[in-house]
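Tertiary structure, described
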Amino acid sequence: MEGGAELLFYVNGRKVIEKNVDPETMLLPYLRKKLRLTGTKYGCGGGGCGACTVMISRYNPITKKIRHYPANACLTPICSLYGAAITTVEGIGSTKTRIHPVQERIAKCHGTQCGFCTPGMVMSMYTLLRNHPEPTLSQLNDALGGNLCRCTGYRPIIDACKTFCKTSGCCQSKENGVCCLDQGINGLPEFEEGNETSLKLFSEEEFLPLDPTQELIFPPELMTMAEKKTQKTRIFGSDRMTWISPVTLKELLEAKVKYPQAPVVMGNTSVGPDMKFKGIFHPVIISPDRIEELSVVNYTDNGLTVGAAVSLAEMKDILSNVTRKLPEEKTQMYHALLKHLGTLAGPQIRNMASLGGHIVSRHPDSDLNPLLAVGNCTLNLLSKEGKRQIPLNEQFLRKCPSADLKPEEILISVNIPYSKKWEFVSAFRQAQRQQNALAIVNSGMRVCFGKGDGIIRELSIAYGGVGPTTILAKNSCQKLIGRPWNEEMLDAACRLILDEVSLPGSAPGGKVEFKRTLIISFLFKFYLEVSQILKEMDPVHYPSLASKYESALEDLRSRHCWSTLKYQNADLKQLSQDPIGHPIMHLSGIKHATGEAIYCDDMPVVDRELFLTFVTSSRARAKIVSIDLSEALSLPGVVDILTGEHLPGITTNFGFLTDTEQLLSTDEVSCVGQLICAVIADSEVQARRAAQRVKIVYRDLEPLILTIEEAIQNKSFFEPERKLEYGNVDEAFKMVDQILEGEIHMGGQEHFYMETQSMLVVPKGEDQEIDVYVSTQFPKYIQDITAAVLKVAANKVMCHVKRVGGAFGGKVTKTGVLAAITAFAANKHGRPVRCILERGEDILITGGRHPYLGKYKVGFMNDGRILALDMEHYNNAGAFLDESLFVRTVNMYKEIDQTPYKQEINAKNLIQCWKECMATSSYTLRKAAVEKFNSENYWKKKGLAMVPLKFPVGVGSVAAGQAAALVHIYLDGSVLVTHGGIEMGQGVHTKMIQVVSRELRMPLSSIHLRGTSTETIPNTNPSGGSVVADLNGLAVKDACQTLLKRLEPIISKNPRGTWKDWAQAAFNESISLSATGYFRGYESNINWETGEGHPFEYFVYGAACSEVEIDCLTGAHKNIRTDIVMDVGYSINPALDIGQIEGAFIQGMGLYTIEELNYSPQGVLYTRGPNQYKIPAICDIPMELHISLLPPSENSNTLYSSKGLGESGIFLGCSVLFAIHDAISAARQERGLPGPLRLNSPLTPEKIRMACEDKFTKMIPRDEPGSYVPWSIPI
Ligand SMILES: Cc1cc2nc3c(=O)[nH]c(=O)nc-3n(C[C@H](O)[C@H](O)[C@H](O)COP(=O)(O)OP(=O)(O)OC[C@H]3O[C@@H](n4cnc5c(N)ncnc54)[C@H](O)[C@@H]3O)c2cc1C
Ligand code: FES
Ligand code: FES
């Protein structure tokens, strides 16, 4: 073996040689910090978000083929990259050379908003095109399955990618033999002809063609290296870890003898997360490199032998091939494996993870192990002692020493037998999200009958997710052998299995009753599937399935998404240069796509920079008994640790916030994640290691108030309590025909902006000046709190924000606290300090949308009119009806009406949106179709629901709505504009440039915007509340009009002149070419005593109609179609506005359906990253999405009569919740369970399944509340 090897690989066509490589380094920090390729982003560090996607290419000297695959750089150890070529977003194109068609199209199709996810999306798409230059839509959807985006709602990204497909632009569905293009748009009324409305937000004609010959070639040097047979084991080492890469089987076995405890790292997708998140440390790692024997694929007489190093993606290809070639009866197991390989993780993980790693890591929720275990698979092992075969059985899965690999053994390959005639295998799984989510329960089932007799000869059933390992229901299966395949057998099987696979009420992961139900629901599905095949094989002997029960068979699968958009064309009377009303691309779109857009952590390291990380409370309510910093302080690189004693008397009480939270807690903590101390070290790694060594002793305090109910009981409320009264509710209740009372609970939501909290503070070294570069929505707050902490005047603190990688309200106050502490550290040490939160820390520290409880009493007439409503709203602010369409219609605002706080409104446009949504969605026709479907299908139900939206826009006071701008004209005729708004993806800077362009009648290309800074615009309000463009736009407009007024005489003297001429002339005449603009804010008031006022300037109206299908047996749901009609006034930029509507709608859909925060009974948040907390992914978007903007009707005093609509679309996501509710009601009705149904949000698979009560939900054992400690509690 050779020690101290050199690591050699290529990045973007350039050779990288590392002499002193640290095996603990992952590719992501290496690219970002060492190579300064910051296009690849950090979003989670655990393979769950795709922000770090790169393409890895490897040459195989045996097949002579190059394999290109997408990978998560955050889980790729650099030592595993010897001989590989890495391509990052910078390697495929840039604005300085040539942009790649993928980059161009994602930007021009408006597929970027905050842009933080974009490089990852680009690289997933690019890799797909390297392998398939003309992909199909299903390849495209698969390729993007491992990439999350929180802003766009995915539709524009899919639109961009679709332009590479052979057939694009239609639904690609040939259901019933017709596609959308054949039948109009799925029965939608045709949009009006002519130039009034547009359906396209981009023009394909201007796209660069994709030319595969232009791509980077695989480095010939790497090919030559791979062909050379004389390589030896490579060893890389640091003080802490040794990485051994054997290149022959012999060397691998020798290494395993020497280091029997060392893991054999293949994809590192199991070992990596364990090391990172569970603190498991391995001093030695063995990572085989291209050992032929581990990559074999052999077809034997009995089955297929697949090498342990074969990736799950390669395995998918191999099995697809086999199933195409062999008769179906031989490939039952392969079909079942393929089904799970289609949804297991995302493509990046599937390409990295190996079959051997998957099997040996034996995750309790492994998708493949239950199947391999029921399929009589065997494992071929090898050690220096020789070969051995062991069965992949329950003992192996339970890691029984007698059935496991010995420490010095290696798994070489896996034998997966062919199935026989009369043998059937099926795979089932249900997860929180359809794709890229670990299963809640999964299962592999296999049955073998005697030849044509329908008598069970062999039966194997295994489950994942229901215990600490994969569980086999062996005894139950044994007892069923010899029985015929009929309903009595099924009934017995359910009872036996529920008994054998018993889950305690407190089982980890919770959802216990749901899991129990799934166990037998899957069994029922298997029973039906097999019965169906038996019937096909022998129609005489086997009874046919009643057609309405067939609906249990098919899994809900999303088809390809397609969409139509409709918006008003710009006014024909407009000047041709005037960009207002045009779908102008996001100003930073191309830079997002090339990775050149700079976010806070992309800024280069400043000389002598330090890193700061926090130690937070692990208790929800406790006294801090002691904090021991000694061990942490003694570690190398540690510079200082700040505690509350360094920051005495400073709280978060500034300006608009009256909260008096200590920045760092010293005595007491009142939530998990509360900041206790800040560790400052020379590097991030050193700071994080030291933080783990800070020892805190707590004493728990009582009472622990976690849930809303507990807060009500303990009268623990934040004041002031607010009350609104309209009319006399007591009198009204006396008049109504009926009264309904109840409660509704809504879960909270994590912001899940893709860029975690980030800041860099640089002391300037003179006059106590300090620069704070930070990802925030509220620079002024950062300035104020920093100035207070440093005890300097605000004029010494400058806060700069170039752009923010998503915020959604989460980057306001907490960011201020984090920045102030970072600034304190920077000031104390006179050195720059960077603080970037990891995803888990971010979620824990920052909080999110509050859980909510509504207690209602509603009085209504028999004709559906609601006359009285008494509602108590409770919001869990943390430490510190089956409504029919008719009911919604009769209770809607009338044209001129009053809100509960007696503000007069004109709801004409609300009624218009509602009517148009009814029409475009063909509601009545589709409602009938849904009812027909429901009557014909017992186990699947559809639901259709439409909701209206009235979203108030305003910020509560005139002062809170003031905004300012600064516009400079330079002598060359170019313009620099600044305003107080923050660019967080919503495109405010793009809109501001459009405003300047209209006002000064100059092309967009002459106008520049550098970012937001307290240096240029002082005293800004926070960016939020949907009004950023509106308010700042009015200020920008004001500045431009001041300039125009000043320059009028000059322009009129030379009307054909250019801006350069006019600027020079103005300069010569000593006319100032710089102006500030101001908007004082909209009139706004509310008197909480009388409950009256005019708090809002205007209302955004809209309506959404959604259709879903649910699987009553599993709780899965599929979003079939959504139609949205919105009144946005005169849209300044329809591409950005539609983007905001869609993005918010999808985020709302997540809120109401799949996003679920789980807390332990001690108040510890479990869901701290994308692997536990599921935001919508590409598989969740409606298969059809139609968005139209209502033609503008009225002029108002807003910016060009536009409306701000960042947040409003979130609410429309509840149309999906109500559609699911509708579907569940249909199921319950059919099962004889009519009556009102109370369903809380989010309507997760668990809630859907458990609400569709049936014989299976009745069969499961239930635990008495209070008889066990649940794993999680609803807070
Ligand atoms: C984001 C994410 C999502 C995921 N989603 C899913 C999912 O939906 N469904 C699912 O089933 N799984 C899922 N997984 C788990 C994934 O399938 C496993 O992590 C993966 O298959 C492990 O393979 P690997 O090659 O990366 O293993 P590694 O991490 O490299 O190794 C894992 C273990 O296997 C041992 N090992 C590896 N090869 C050998 C060998 N040849 N001989 C002896 N021992 C060996 C190692 O010693 C180590 O202990 C997910 C993982 C991630 C990170
Ligand atoms: S950062 Fe790598 S997947 Fe999220
Ligand atoms: S644009 Fe995708 S996360 Fe913001």
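On a predicted model such as this, the values are computed, not experimentally measured, just so you know.

**Considering the overall build of the protein chain**
A tally of helices and strands in the protein chain yields 37 helices and 45 strands. Expected size for 1275 residues packed as a compact globule is a radius of gyration near 33 Å; at 31 Å, the protein chain falls within 12% of this value. For the protein chain, the spread of C-alpha atoms along the three principal axes comes to 95 × 80 × 65 Å. Relative to its full complement of 1275 residues, the protein chain shows a buried share of 60%. Surface summary for the protein chain: the accessible area is close to 50,400 Å², and the carbon and sulfur share equals 52%. The protein chain carries 134 positive and 140 negative side-chain charges, and their two centres are separated by 4 Å.

**Looking at helix 17 (residues 487-500)**
Each turn of an α-helix holds 3.6 residues, which means side chains three or four residues apart point in the same direction. Helix length check: helix 17 (14 residues) gives 20 Å between terminal C-alpha atoms against 20 Å at 1.5 Å per residue, within 8%. Within the span of helix 17, buried status applies to M489, L490, A492, A493, C494, I497 and L498. Against the buried residues of helix 17 lie strand 17 (456-464), helix 16 (474-480), helix 18 (512-537) and helix 37 (1255-1259).

**What to know about the site of ligand 1**
Within the structure, ligand 1 sits among 33 residues, and V264, M266, T269, S354 and D367 are positioned closest to it. Note that an oxygen atom of ligand 1 is positioned 2.8 Å from one of the backbone N or O atoms of V264. Interatomic distance of 2.9 Å between a backbone N/O atom of G267 and an oxygen atom of ligand 1. In isolation ligand 1 has 990 Å² of accessible area, and contact with the protein removes 92% of it. Contributing elements (two or more residues each) for the shell around ligand 1: helix 13 (355-361) and strand 14 (410-417). With 5 residues, helix 13 is the largest single contributor of residues to the shell around ligand 1. Its residues assigned to classes, the shell around ligand 1 comprises 17 nonpolar, 13 polar and 3 charged.

**Here we look at the confidence of the model for the protein chain**
Regions with low pLDDT should not have their predicted coordinates read in detail. Summarising the model, the protein chain shows a mean pLDDT of 91, and 94% of its residues fall at 70 or more. Here residues 171-195 is a poorly scored stretch, pLDDT under 50, and it has 49 contacts once near neighbours within four places are set aside; other chains count.

**A short note on the pairing of strand 24 (residues 675-681)**
With 7 of 7 residues buried, strand 24 is to be regarded as a mostly interior element. Here strand 20 (residues 610-616) runs beside strand 24; their pairing, made up of 6 bridges, is antiparallel. By the bridge assignment for strand 24, V615 is matched with C677. Note that strand 22 (residues 638-642) and strand 24 share 4 bridges and pair antiparallel. What sits directly across from V638, in strand 24, is A681.

**Re the pattern of salt bridges**
One pass over the structure, following the stated rule, counts 75 salt bridges. Between E841 and R688 there is a salt bridge, and its shortest N-O distance comes to 3.1 Å. Here the residue E841 occupies a position in helix 26 (residues 839-846), and R688 occupies one in helix 21 (residues 684-692), the gap between them amounting to 153 residues. Residues D1222 and K927 are paired through a salt bridge, measuring 3.0 Å at the closest nitrogen-oxygen approach. Residue D1222 is found in helix 35 (residues 1214-1230), and its partner K927 is found in helix 29 (residues 923-936); the two are separated by 295 residues along the sequence. Comparing D1222 with K927, the two get one shared label, buried. Taken together, the shared-partner salt bridges in this structure form one network comprising R32, K33, K41, D601, D602, E609 and R834.

**Things to note about helix 28 (residues 908-920)**
In this model, helix 28 (13 residues) spans 18 Å end to end at C-alpha, consistent with the 18 Å of a helix rising 1.5 Å per residue. Among all positions in helix 28, only N909, L910, C913, W914, E916, C917 and T920 are buried. Positive backbone phi, at 50°, marks S922, one or two positions downstream of helix 28.

**A closer look at the sheet that holds strand 9 (residues 284-286)**
Strand pairing in a sheet relies on backbone hydrogen bonds, with the paired strands running either antiparallel or parallel. Pairing is mixed across the open sheet formed by 3 strands, whose spatial order is 7-8-9. The sheet terminates laterally at strand 7 (234-237) and strand 9, the two strands that pair on one side only. Here the strands of the sheet are splayed against their neighbours by 15° on average, with no regard to which way each runs. Taken together, the 4 bridges between strand 7 and strand 8 (residues 242-245) define a ladder with antiparallel strand orientation. Bridge pairing links R234 to S245 in strand 8.

**Quick look at the packing of aromatic side chains**
Per the counting criterion, the structure on display carries 22 aromatic pairs. Taken together, a centroid distance of 5.0 Å and an interplanar angle of 90° make the contact between F116 and Y599 edge-to-face. Taken together, the residues span a long stretch of sequence, with F116 in the loop between helix 3 (101-108) and helix 4 (118-131) and Y599 in the loop between helix 19 (589-594) and strand 20 at a distance of 483 residues. Per residue, the accessibility class of F116 equals that of Y599, and both read buried. Measuring from centroid to centroid gives 5.9 Å for F202 and F207, while their planes differ by 20°, and the two rings are stacked. Judged by its relative accessible area of 15%, F202 is buried. Overall, the relative accessible area of 11% leaves F207 in the buried class. These aromatic residues form a ring-pair network of at least three members: F424, F449, W485, F526 and Y527. A cation over an aromatic ring shows up here: K330 above the ring of Y418, its NZ or CZ 4.5 Å from the ring centre. One residue, R998, lies across the ring of Y1200, its end atom 4.6 Å from the ring centre.

Reading guide: rules and limits
Residues numbered from 1 in each chain as written. Chains lettered and ligands numbered in written order. Predicted model: local features only at pLDDT ≥ 70, side-chain atom pairs only at ≥ 80, totals over all residues. Heavy atoms only, no water. Helix = DSSP H or I, 4+ residues; strand = E, 2+ residues; numbered from the N terminus. Rg over C-alpha atoms; globule rule 2.2 N^0.38 Å. Buried < 20%, exposed > 50% of the residue type's maximum accessible area, 1.4 Å probe, protein only. Areas by Shrake-Rupley, 256 points an atom, 1.4 Å probe, with all protein chains shown as cover. Lys, Arg positive; Asp, Glu negative; His and termini not counted. Charge placed at Lys NZ, Arg CZ, Asp CG, Glu CD. Expected span 1.5 Å × (residues − 1). Contact = heavy atoms within 4.5 Å. Near = heavy atom within 4 Å. Polar contact = N/O pair within 3.5 Å; in protein donor to acceptor, adjacent residues only side chain to side chain. Nonpolar A, V, L, I, M, F, W, Y, C, P; charged D, E, K, R; others polar. pLDDT = per-residue confidence, 0-100. Pairing = 2+ DSSP bridges. Salt bridge = Lys/Arg side-chain N within 4 Å of Asp/Glu carboxyl O. Axes fitted to C-alpha atoms, helices over the stretch in contact; angles between N-to-C directions. Phe/Tyr/Trp six-rings, centres within 6.5 Å; stacked < 30°, edge-to-face > 60°. Lys NZ or Arg CZ within 6 Å of the ring centre and 35° of its normal.

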